[in-house]
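Structural overview for review
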2 protein chains.
Amino acid sequence: MANKKRTTLKDIANELNISSAAVSKAMHNDSRISDKTKNEVKRVAKKLNYQPNHLASALRKGKSNLVGVIVPRTNSNFFSSVIEQMEAVLNKAGYNIIITQSNESFEKECKNIDTLLYTQVDGIIASMANETVDLSHYEKIKSNGIPLILFDRGENDLNVDYVGINDYNSSHIIVTHLVEKGCKRIAHIGGYRRTRIFNNRIKGYIDALKKHDLPIDDSLIIESSLTLEDGRREMLKFLKLKNRPDAVYVASDYAALGALQVLNENKINVPNEVRLVGFGNEPFTSLVSPSITSVAQHSKEIGRLTAERFLSLASQDDLKQDLNKLILDAKLIVRDSSK
Amino acid sequence: MANKKRTTLKDIANELNISSAAVSKAMHNDSRISDKTKNEVKRVAKKLNYQPNHLASALRKGKSNLVGVIVPRTNSNFFSSVIEQMEAVLNKAGYNIIITQSNESFEKECKNIDTLLYTQVDGIIASMANETVDLSHYEKIKSNGIPLILFDRGENDLNVDYVGINDYNSSHIIVTHLVEKGCKRIAHIGGYRRTRIFNNRIKGYIDALKKHDLPIDDSLIIESSLTLEDGRREMLKFLKLKNRPDAVYVASDYAALGALQVLNENKINVPNEVRLVGFGNEPFTSLVSPSITSVAQHSKEIGRLTAERFLSLASQDDLKQDLNKLILDAKLIVRDSSK
DNA sequence: TATATTTGCTTAATCGATTAAGCAAATATA
DNA sequence: TATATTTGCTTAATCGATTAAGCAAATATA
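Keep in mind it's a predicted model, so treat the numbers as computed, not measured. (Residues numbered from 1 in each chain as written. Chains lettered and ligands numbered in written order. Predicted model: local features only at pLDDT ≥ 70, side-chain atom pairs only at ≥ 80, totals over all residues. Heavy atoms only, no water.)

By nearness alone, 25 residues border DNA strand D, and A:Leu9, A:Tyr50, A:Arg60, B:Ser19 and B:Arg32 come closest of all. The sugar-phosphate backbone supplies 51% of the atoms of DNA strand D found within 4 Å of the protein. Residue A:Ser24 places a side-chain N or O atom 3.0 Å away from a phosphate oxygen belonging to DNA strand D. Between DNA strand D and the protein, one listed contact pairs a phosphate oxygen with a side-chain N or O atom of B:Ser19 at 2.5 Å. For the surface near DNA strand D, the elements supplying multiple residues, two or more each, are helix H2 (20-27) and helix H4 (54-61) of chain A together with helix H2 (20-27) and helix H4 (54-61) of chain B. Ranked by residues supplied to the surface near DNA strand D, first place goes to H2(A) with four residues. Class assignment for the residues of the surface near DNA strand D results in 10 nonpolar, nine polar and six charged. (Near = heavy atom within 4 Å. Polar contact = N/O pair within 3.5 Å; in protein donor to acceptor, adjacent residues only side chain to side chain. Helix = DSSP H or I, 4+ residues; strand = E, 2+ residues; numbered from the N terminus. Nonpolar A, V, L, I, M, F, W, Y, C, P; charged D, E, K, R; others polar.)

Those residues carrying the UniProt feature "domain: HTH lacI-type" (unreviewed entry) are residues 7-61 of chain A in this numbering. In residues 7-61 of chain A, the share of helix is 67% and the share of strand is 0%. The end C-alpha atoms are 20 Å apart. (UniProt positions renumbered as here; feature names shortened; annotations may be inferred.)

Moving on, we get to the sheet that holds strand E9 (residues 275-277) of chain A. Within a beta sheet, neighbouring strands are joined by backbone hydrogen bonds and run either parallel or antiparallel to one another. Residue and element names in this part refer to chain A. The four strands are arranged E7-E6-E8-E9 in an open sheet whose pairing can be described as parallel. Where the open sheet ends on each side, the last strands, each with one partner, are strand E7 (221-223) and E9. The sheet shows a mean angle of 15 degrees between the axes of neighbouring strands, direction not considered. As paired elements, strand E6 (residues 186-190) and strand E8 (residues 247-250) share four bridges and run parallel to each other. In the strand pairing of E8, Ile186 is matched with Ala247. Its contacts with the sheet place helix H9 (residues 196-211) against E6, E7 and E8, and it is angled at close to 170 degrees to E6. (Pairing = 2+ DSSP bridges. Axes fitted to C-alpha atoms, helices over the stretch in contact; angles between N-to-C directions. Contact = heavy atoms within 4.5 Å.)

If you look at the biggest cluster of nonpolar residues, it comprises 182 residues, and the most contacted ones within it are A:Ile124, A:Tyr138, A:Phe151, B:Ile124, B:Tyr138 and B:Phe151. Once you skip the residues sitting within four places of it in the chain, B:Phe151 turns out to touch B:Val71, B:Phe78, B:Phe79, B:Val82, B:Met86, B:Ile125, B:Ala126, B:Ser127, B:Tyr162, B:Val163, B:Ile302 and B:Thr306. Among the nonpolar cores identified, the runner-up in size contains 11 residues, and B:Ala22, B:Val44, B:Ala45 and B:Tyr50 belong to it. (Core = buried A, V, L, I, M, F, W, Y, C linked by side-chain atoms within 4.5 Å. Buried < 20%, exposed > 50% of the residue type's maximum accessible area, 1.4 Å probe, protein only.)

This is the structure:
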């Protein structure tokens, strides 16, 4: 039979004829409680299957020991790996995490923030939705006086901590790799410039071309949503050019896969005729044929660092948040598509 | 500047010189509060940026409006799709969800349950970790008197609601499909029999072979963890048999992909020499070449149904949980690997 | 031996929101 | 006009855990 009434400190106190204050202190090993009482309390707590009521203690202490996490989606390897590591670090410090997904929707992101604030989380770690341009809901977090840490998809204007990879530099690494393989006409299927990370990748790509004295051809620079379909469509367009590219750097593995499908369907040899590089190091990049060269984003490191930043901010008496960027160097994983 | 002190009902009450009880009622549109007061209260609440303290109301009402979700991993398309739909239904009913991952670990699953109970969730929806055999931590949920609903990976012994697909029947559908394509020696790379769903798939496979008057060959029935590596290893073993199978039914898409890699590497034509069927309809099944025939698990439907079961149980005054199975028919998605 | 300190508890207030009970004024009904 | 009902609030208790303040007994120190 289900035991409806939960055991409270008072139940234990009544059983032992002491005050519930003493029970509370005994449970927390307060030095002013005798060992005898502590043992008695713990024995009875176990007997009655006592489980502390988190709501009550969080209310009283003004601290929920919960951290809210907002990601665009959990079903990408990058985000789920970041979360896994984050959780490991935070659990050790006594925090639990609440995961929410924005599904890349601005509206959903706003709702998630409301939910998390309502749940009285002690802080929020977020990666912004693609749609997000207006930042007022993030300002709401800051005005609540709890730490906010952004990762991967961040925004300088919020003046909070950010952890991510060096997107600008990643483009340099990719372009240099392709130039070394002898490529002269390197195209770029990128994301929209309004998203900071994609803007940086585009800028890095252009500057890297300049560095290697290659001409900038606007017909080879594309902005898109970076879906698989976008990759297919843009690759098809490239194939129709009089002067085809001999390499394509795609800012997402999904779009890169779409491009690869089109190349395979048109019997164009990858890497000999066209070299291909993706971004994100999704597991499928090593599974398709030819396997796709891609950029690893240090997901575990990012998870660990965001969690540590939170812990550091949470321990401050007087929270002051500043723009504080932790930028990691990305790593190129060379596979068959660019060998 | 961060506004440290959060606005409470009392702050609004003081501003308007009424009691905080009146403010609380006004915020909830109590019929015994005048429209004038309601408007005033809402105006001041907005002005002071009032946000209700969930901890306090949950403590008082004995209801957190939170539902805990436990899944093996979030980075599979199946689970993230189930969660998305679950969330949509529960949000509409005023509930928010807390997602946790067990990473297929029994220990992590126990910790997650403790965390969720500690957070005073109003119910738990779970899919069990592979490792889980001992069910005492799930019994703990039941003895807490809150609803427990299982999906996909369930267990009859707990006597709670379960939503999933018909695994036994799925094997029949797959075997019949392969037989129709002319296959005579159909192998099965399955999960471990101790997990109910995998046991059902194995039983269904054996019974379907019998139905089609095909011999049962123990060397063609494998139990494994169903990782990509398992798929590779077992496929290699099959290739070394004197009498190779002409079809392989793999109980997970990841293991099926491993098998496909080995077949491709050994220049064995799929589907002409060996037909291949996976399970789960992960997105990559349509991306690899040849694309992999797989079984769709109705993730959205499962998400919706589990959420609805929770809502129905949560509305009961006197919670009674029984074994109550909702079994959906799976759908075979035929692709190139078995055409 | 007299005073100071430590030990081991209790008392009472508190975190914010909610709600049962109740009261006075306004309005409705007989 | 006298009584009943409704309206619109207030008062006070409550959910459970925590903690500042304090008290009496035990022990240590001068």
